[in-house]
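Spelled out, the chains give:
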Amino acid sequence: MLIKRSLYVEERTSRLAVWSFRLALFSIPVVVLAAGLYRADLLAFQPAIAALALGLAIALVGGLLAVGACVSLWESGWRGFGKAIAALTITLVLLAGPATVLARGWMLPPLTDLSTDTADPPHFRAMGFARPSGANSVLPPDETLLALQRGAYPGIKPMDLDATPEEAFNALLALVRQRKWRILDAVPPRGGVRDGQIEAVAPTPLLGFRNDIAIRVRPTQKGARVDVRSASRYGFHDLGENAWRISSLMTDLSTERRKRH
C-alpha cells in the first residue's frame, strides 16, 4: 500500500506590510479627530496642529514601510501586497492636501495678513472681540510686511465698480453668505457719511483653520471702491491662502457684476 505525501509550503506574510497597514490605518482617526475637535472649538490651535502633525507623521512612516514591504515582497514572493498597497493609498490621500498647500506656498514670504489697500487697510472692529487672546494681532501690518506683500502679490488691489455703494455691499454680502463664512458684523454704507463694512470668519475647507475677513465698501465719484483684508488667526505663514481668498472673492464679484450688465 502506497501512501502519498503532499508537500506543504507555508506562505509567509510580510511583517513590514502588516505594520505599514496598521500605522496608515491608525493615522486616519488621529487626523480626523484633530480636525473635528478643532472645528468644534474643543481643541485649541496649537494642540490641534500638534495632533494633526502626529497623524500625518504616522501616515508617512506607514507609507515608507509600505514601500519597503513592496520591495521585499517582490524579492521574496511572500504575501502582503494588498496591505502594502492599501497603506500607500491611505498615505497618499492624507498627505496630498497638505503637500499641495506647502508646495504652493513654499517660495512665498511669511505673511499672515493681506489687504488690497496697503496704505489704509480695512480695520477689524467686531473681530477684535471675537479673536482669542493668543491669536495674531489685528493691528495693520508694518511697512516691512506691506513691502513684502507688494512684491509677492502685485495683483492684490482694490476694485472700482460703476455701482452704488449699496449695490456693491449687497453683492458682497451675498457672496459671503454663499461661501458660508460666519458673519460677525455687516454695516451697510450710508451715502458719503459712512463706509460699508462686512466682517466674517472664513474657515479652511478641510481642517477649519480660521481666517478673519474685513470687507470695506467706500463711495467714489464713479461708484464704489471695494477693499478686502484677509488675516490668518494663527501661525506665521499663510502659504498663499489669504491672497487666494481675496483674489477668488474679487473675481466672483467681477463676474457677478458682468452678469447683471
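A brief report on the enclosed structure follows. Fair warning: this is a prediction, and the values are worked out from it, not measured in the lab.

## Digging into a positive patch on the surface
Turning to step 1, where the next piece is worked out: On the surface, Arg15, Arg22, Arg79 and Lys83 cluster together into a positively charged patch.
Turning to step 2, where the next piece is worked out: Along the chain, the position of Lys83 falls in helix H3 (residues 81-105).

## Observations regarding unusual backbone geometry
Turning to step 1, where the next piece is worked out: Positioned with a positive phi, Asp41 is a non-glycine residue whose angle comes to about 60 degrees.
Turning to step 2, where the next piece is worked out: Tracing the backbone through its elements, the reader meets Asp41 in the loop between helix H1 (15-39) and helix H2 (45-76).
Turning to step 3, where the next piece is worked out: In the Ramachandran plot, Lys180 falls in the positive-phi region, its phi being about 65 degrees despite a non-glycine side chain.
Turning to step 4, where the next piece is worked out: Note on placement: Lys180 falls in the loop between helix H6 (165-178) and strand E3 (182-187).
Turning to step 5, where the next piece is worked out: Lys180 sits in the exposed class, given a relative accessible area of 71%.

## Some details on the packing of aromatic side chains
Turning to step 1, where the next piece is worked out: Considering all chains together, one arrives at 4 aromatic pairs under this definition.
Turning to step 2, where the next piece is worked out: Between Phe45 and Phe209, the ring centres sit 5.6 Å apart and the planes meet at 70 degrees, which makes this aromatic pair edge-to-face. Here the residue Phe45 occupies a position in helix H2, and Phe209 occupies one in the loop between strand E4 (196-203) and strand E5 (210-219), the gap between them amounting to 164 residues.
Turning to step 3, where the next piece is worked out: For Phe209, a relative accessible area of 21% corresponds to the partly exposed category.
Turning to step 4, where the next piece is worked out: Ring pairs connect the aromatic residues Tyr38, Phe45, Phe209 and Tyr234, which therefore count as one cluster.
Turning to step 5, where the next piece is worked out: Above the plane of the ring of Trp19 lies Arg22, whose end atom (NZ or CZ) is 4.9 Å from the centre.
Turning to step 6, where the next piece is worked out: The ring of Tyr38 is capped by Arg210, whose NZ or CZ atom sits 4.5 Å from the centre of that ring.

## Things to note about the nonpolar core
Turning to step 1, where the next piece is worked out: Ranked by size, the top nonpolar core spans 29 residues in total, and within it Leu172, Ile215, Val226, Val228 and Leu253 carry the most contacts.
Turning to step 2, where the next piece is worked out: With 7 residues, H6 is the largest single contributor of residues to this core.
Turning to step 3, where the next piece is worked out: Of all hydrophobic cores here, the second largest spans 15 residues; its members include Ala17, Val31, Leu56 and Ala66.

## Points about the pattern of salt bridges
Turning to step 1, where the next piece is worked out: By the definition in use, this model includes 14 salt bridges.
Turning to step 2, where the next piece is worked out: One salt bridge connects Arg218 with Asp120, and the closest N-O pair in it is separated by 3.5 Å. Here Asp120 lies in the loop between strand E1 (113-115) and helix H4 (127-130) and Arg218 lies in strand E5, a separation of 98 residues in the sequence.
Turning to step 3, where the next piece is worked out: Taking relative accessible area as the criterion, Asp120 reaches 28% and is therefore assigned partly exposed.
Turning to step 4, where the next piece is worked out: Put simply, Asp117, Asp120, Asp195, Arg216, Arg218, Arg225 and Asp227 are held in one network by salt bridges that share partners.

## Overview of the pairing of strand E6 (residues 224-232)
Turning to step 1, where the next piece is worked out: Most of E6 is tucked away: 8 of the 9 residues are buried.
Turning to step 2, where the next piece is worked out: The pairing of E1 with E6 spans 3 bridges and is antiparallel. Bridged to Asp113 within E6 is Ala231.
Turning to step 3, where the next piece is worked out: Note that strand E2 (residues 159-161) and E6 share 3 bridges and pair antiparallel. In the sheet register, Asp160 faces E6, and the bridge partner there is Arg225.
Turning to step 4, where the next piece is worked out: The antiparallel hairpin formed by E5 and E6 contains 4 residues in its connecting segment, where Gly223 sits at a positive phi of about 160 degrees.

Definitions and cut-offs
- Residues numbered from 1 in each chain as written.
- Predicted model: local features only at pLDDT ≥ 70, side-chain atom pairs only at ≥ 80, totals over all residues.
- Heavy atoms only, no water.
- Patch = residues over 30% accessible without salt bridge, like charges linked within 9 Å, V, L, I, M, F, W, Y side chains within 5 Å.
- Areas by Shrake-Rupley, 256 points an atom, 1.4 Å probe, with all protein chains shown as cover.
- Salt bridge = Lys/Arg side-chain N within 4 Å of Asp/Glu carboxyl O.
- Lys, Arg positive; Asp, Glu negative; His and termini not counted.
- Charge placed at Lys NZ, Arg CZ, Asp CG, Glu CD.
- Helix = DSSP H or I, 4+ residues; strand = E, 2+ residues; numbered from the N terminus.
- Buried < 20%, exposed > 50% of the residue type's maximum accessible area, 1.4 Å probe, protein only.
- Phe/Tyr/Trp six-rings, centres within 6.5 Å; stacked < 30°, edge-to-face > 60°.
- Lys NZ or Arg CZ within 6 Å of the ring centre and 35° of its normal.
- Core = buried A, V, L, I, M, F, W, Y, C linked by side-chain atoms within 4.5 Å.
- Pairing = 2+ DSSP bridges.

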